[in-house]
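# What the coordinates show
As a plain string of letters, each chain reads:
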Amino acid sequence: PNKQNWYTYEGKSWDGVRLVYSHKNPKDQKFKPMPPLHPNAFGVALDKKFFGEGAERLVREFREIGKSQKFIGPKLVAKESRFQMDVSNTDRKEIERFHKTFCDTQERAQRL
């Protein structure tokens, strides 16, 4: 990725996991650490430009990268809330609570 167009997180600046929200079991609704999608992923890259906008979310291209600084694996998207910065407390627990509420709302909407 071109560093002028992409934010990159790799090696020590990337913890090597992705957090996936599980809502299938109501007693176990939490973000679970999961390995990268590609087994050779050494980092991730986030496009600096948004390519989509919704009422609540902004969307960017997101990719895993290898040690060679080349994209590997499938093209992904990263969705960001338009309102996350409105959360007055930027404590990690508060951020996770904000995203958990969003995930729960999306899951309920899918059932309708």
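Before any of the text, the structure's been laid out above.
First things first, this report covers the structure right here in the doc. (Residues numbered from 1 in each chain as written. Predicted model: local features only at pLDDT ≥ 70, side-chain atom pairs only at ≥ 80, totals over all residues. Heavy atoms only, no water.)

If you tally the helices and strands in the protein, you get 1 helix and 6 strands. Start at the N end of the protein and walk to the C end: the helices and strands fall as β-β-β-β-β-β-α. Counting the 112 residues in the protein, one finds 25% classified as buried. Long-range contacts, defined here as pairs at least 24 residues apart, represent 46% of the contacts in the protein between residues at least 6 apart. (Helix = DSSP H or I, 4+ residues; strand = E, 2+ residues; numbered from the N terminus. Buried < 20%, exposed > 50% of the residue type's maximum accessible area, 1.4 Å probe, protein only. Contact = heavy atoms within 4.5 Å.)

Within the secondary structure, Gly43 is located in strand E4 (residues 43-53). Taking relative accessible area as the criterion, Gly43 reaches 0% and is therefore assigned buried. Each C-alpha atom, one on Gly43 and one on Ser13, is 8.5 Å from the other, the two residues being 30 residues apart in sequence. In this structure Gly43 touches Tyr9, Glu10, Trp14, Arg63, Glu64 and Ile65, once residues within four positions along its chain are discounted.

This part covers the sheet that holds strand E5 (residues 57-65). Pairing within the open sheet is antiparallel, and its 4 strands lie in the order E1-E4-E5-E6. The sheet is open, and its two edges are formed by strand E1 (6-10) and strand E6 (71-81), each paired on a single side. Pairwise comparison of adjacent strand axes, ignoring direction, gives a mean angle of 25° for this sheet. Sheet topology note: the E4/E5 ladder contains 7 bridges and is antiparallel. Considered in E5, the bridge of Phe50 is made with Arg60. (Pairing = 2+ DSSP bridges. Axes fitted to C-alpha atoms, helices over the stretch in contact; angles between N-to-C directions.)

In total, this model carries 1 salt bridge according to the counting rule given. Measuring nitrogen to oxygen at the nearest pair gives 3.5 Å for the salt bridge that ties Lys3 to Glu10. (Salt bridge = Lys/Arg side-chain N within 4 Å of Asp/Glu carboxyl O.)

Most of the time, phi is negative for any residue but glycine, and the peptide bond is trans. Although it is not a glycine, Gln69 sits at a positive phi angle of roughly 65°. The class of Gln69 is partly exposed, set by a relative accessible area of 26%.

Attention now moves to the side chain of Asp47. Of note, Asp47 is situated in strand E4. Discounting chain neighbours no more than four positions away, the residues touching Asp47 are Asn5, Trp6, Arg60 and Glu61.

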